[in-house]
Amino acid sequence: MGKVIKSVKNGPNLVVVDGQTKIALCRCGQSSKKPMCDGTHHKVNFQAEEHEIKLDD
Ligand code: FES
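Predicted, not measured: the structure shown is a model, and the values here were computed from it.

Undergrad: Break down the side chain of Ser-31 for me, citing the residues and quoting the values.
TA: With respect to the element layout, Ser-31 can be found in the loop between β3 (20-25) and α1 (40-43). A polar side-chain atom of Ser-31 sits 3.5 Å from a polar atom in the side chain of Asp-38. Apart from residues lying up to four places away in sequence, Ser-31 is in contact with Cys-26, Met-36, Cys-37, Asp-38 and Thr-40.

See the structure below:
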């Protein structure tokens, strides 16, 4: 399965290793626990497209 950076629609960047989410990094800039996502993106109505980058095969 490998390593993937998954940008969630309207949410954080997830670091996913072998199918398991290891960390959720804030992408809205409003988290009080940066660099971690604390869910504030819901309150601020953060809007962004989903995206995925595979780091290895
Ligand atoms: S993306 Fe979740 S708090 Fe910023």
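There's plenty left to go through after this.
Undergrad: Hey, could you go over the pairing of strand β2 (residues 13-17) for me, with residue numbers and the actual values?
TA: Burial of β2 is one-sided: the residues Leu-14 and Val-16 facing one way are buried, the residues Asn-13, Val-15 and Val-17 facing the other way are not. Bridging between strand β1 (residues 3-7) and β2 involves 5 bridges; their strand directions are antiparallel. Looking at the pairing, Val-4 lines up with Val-16 of β2. Between β1 and the antiparallel strand that follows it, β2, lie 5 residues; Asn-10 among them carries a positive phi value of about 60°. Here β2 hands over to β3 after 2 residues, with Asp-18 in that stretch at a positive phi of 50°.

What counts and what doesn't
Residues numbered from 1 in each chain as written. Predicted model: local features only at pLDDT ≥ 70, side-chain atom pairs only at ≥ 80, totals over all residues. Heavy atoms only, no water. Helix = DSSP H or I, 4+ residues; strand = E, 2+ residues; numbered from the N terminus. Polar contact = N/O pair within 3.5 Å; in protein donor to acceptor, adjacent residues only side chain to side chain. Contact = heavy atoms within 4.5 Å. Buried < 20%, exposed > 50% of the residue type's maximum accessible area, 1.4 Å probe, protein only. Pairing = 2+ DSSP bridges.

Nothing here speaks to function; it is all geometry.
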